[in-house]
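Architecture and fold: a report
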Amino acid sequence: MKQTKLNTVKRPKRAAPLHTRASVRAGRPLHKRALVHPFTVMVLLCVGVLIAGTVARSLAASYTVTATVPAPLPATPATIATPFASQHLVTNLTLVKGACPPQSYVKVSTNGLMGGVAQCTANAYQVQTSLVGGANQLSAQVYSLTDAPGPPGTPLTVYYDEVTGSTTPTDTPVTVTGQPPVVPASVPAALSVTNVERGGYRHGQTPRTSTNPTVSGYAPPLAKMTVTFHSDPETCLTQADDTGYWRCTLDRSLPAGEHHVDVLALTTSGQTLTFPTFQITVDPTIPDILAAPGADPLVLRSDYRYQVYAGHQSVDLNIGVTGGTLPYSITTDWGDGTTTKLTRTDTSPFTTSHTYGTPSGANKNYAVLVRATDAAHAVSVVQLSAVIKGDGIALLASNTAAGGLLDTMHHWLPLIVPAYIVVVLMAIGYYLGEREEYRLLASQKRRAHAGKGK
């Protein structure tokens, strides 16, 4: 049997490509190879992000957009924690503090008139406002950031004991322990009664008073004071100031005759201090030291609606002042270290204005305090609020290295942007040129192989 020999055809080995992308790049000068390298692309992208951030920062500072953004209605009312109900105050300027829901602001009203505004920060607010002599009703109303009112708060009544002449201590205080009298230190630790009406008090005395007696003394700072007059109990409530001084004038008249007086202090640490019971004799012929209510007390008020202002935009506040004695001296503390002063010779409404810079990052709230003083040195204040729009670039704030770089680039944008566009176009051009050259070389290689095959 013959064996059949199979003829095998040997295929020629495929020649190595004469030109590849790598060979094309290897033959390029160094600057051309770098421009199409992926690392170069990444660098160009990073530089592009910086330029875009600088342009966005510039646009944010240059354009103002006015819009109403829906905001949720407050679910809970604002409360007043300080001052407390029925408290007697020795000055007509008081700081109202309390709790409030987030994303809201609070208007504090005094006797039905707007007395101050504050933004709710960390679920709390504080407003400095002024009172008139006698009873004052305080109320706090919470609003959303679109000026929609939330649930009403519970109003309370406080008293400003405006007296004629001085009622500061005129004698050495007597301590609770009965030890020799000691003038209280800067931080009193004991409870003392120093004055009844305008006269100094010493233990064992029975002072003669008007039908609305005033008792004053010292206690630990910020202690809550309760002064009770018997036999039909009448109570006067107040609070010691930060030096420990307190004073309370009974707002209801006592009948003539002798009355027992108890004084109690509740300290901020929860300790209760008592002063030995003493007696007074009420004499209706003795003039009351409470000042007669003024026919037209000095009152400073303003309207307010929530608004976010752009940096370098004029903040205009409409102010009204009535009562008191002309002329008025008006001082506005804008909360950024700037104050403005003006004089008013009539009671017509006026506008005070200020321009803030653009804060870095989030919006910034400034508490604006307007203070009016009349010719008789009476004082009235109203606190308002100015919210200034931030630049929104919190991570690249001006106090960071990146923020400083953006600020520097901002001044050179007219040169940086065209130069960057030229570099990007050059990189694209070199990349397209390389592709075209590679296509031509590959076409030449195919034609060469076709010629050899013939």
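As shown above, the structure is provided for reference.
Residues numbered from 1 in each chain as written. Predicted model: local features only at pLDDT ≥ 70, side-chain atom pairs only at ≥ 80, totals over all residues. Heavy atoms only, no water.

**Details of the pattern of salt bridges**
Formally: Take a side-chain nitrogen of Lys or Arg and a carboxyl oxygen of Asp or Glu: if they are within 4 Å of each other, that pair is a salt bridge. For the purposes of this entry, the term helix denotes a DSSP run of H or I that reaches at least four residues, the term strand denotes a run of E that reaches at least two, and both are numbered from the N terminus. Per-residue accessibility, obtained with a 1.4 Å probe over protein chains only, is compared with the maximum for each type, and a residue is labelled buried under 20%, exposed over 50%, and partly exposed between these values.
For the structure shown, the criterion picks out five salt bridges. Residues Arg305 and Asp147 are paired through a salt bridge, measuring 3.6 Å at the closest nitrogen-oxygen approach. Here the residue Arg305 occupies a position in the loop between strand E18 (299–302) and strand E19 (308–309), and Asp147 occupies one in the loop between strand E6 (134–144) and strand E7 (149–152), the gap between them amounting to 158 residues. Judged by its relative accessible area of 62%, Arg305 is exposed. We classify Asp147 as buried; its relative accessible area is 16%. By sharing partners, the salt bridges in this structure join Glu234, Asp251 and Arg252 into a single network.

**Some points on the sheet that holds strand E10 (residues 199–200)**
The test is simple: Two strands qualify as a pair provided that DSSP identifies no fewer than 2 bridges between them.
Ordered in space as E10-E9-E12-E15, the four strands form an open sheet in which the pairing is antiparallel. At either margin of the open sheet sits one strand with a lone partner, and together these are E10 and strand E15 (245–249).

**Details of the pairing of strand E21 (residues 328–333)**
Residue alternation in E21 divides its side chains into a buried set, Tyr328, Ile330 and Thr332, and an unburied set, Ser329, Thr331 and Asp333. With six bridges connecting them, E21 and strand E22 (residues 339–344) associate as antiparallel partners. Paired with Thr331 across the two strands is Lys341, which belongs to E22. Linking E21 to E22, which pair antiparallel, is a turn of five residues; within it Gly335 sits at a positive phi near 85°. The sheet contact formed by E21 and strand E24 (residues 364–373) spans five bridges and is antiparallel. Counterpart to Ser329 in the pairing with E24 is Thr373.

**Regarding a nonpolar patch on the surface**
For the record, the criterion: Patch rule: a residue counts if its relative accessible area is over 30% and it has no salt bridge; like charges are joined within 9 Å, and nonpolar side chains (Val, Leu, Ile, Met, Phe, Trp, Tyr) within 5 Å. Using a 1.4 Å probe, accessible areas were evaluated by the Shrake-Rupley method; residue-level cover was limited to the displayed protein chains.
A cluster of nonpolar side chains, contributed by Ile421, Leu425, Ile428, Tyr431 and Leu432, occupies part of the molecular surface with about 470 Å² of accessible area. For Leu432, the position within the fold is in helix H5 (residues 413–453). By relative accessible area, which is 47% here, Leu432 ends up partly exposed.

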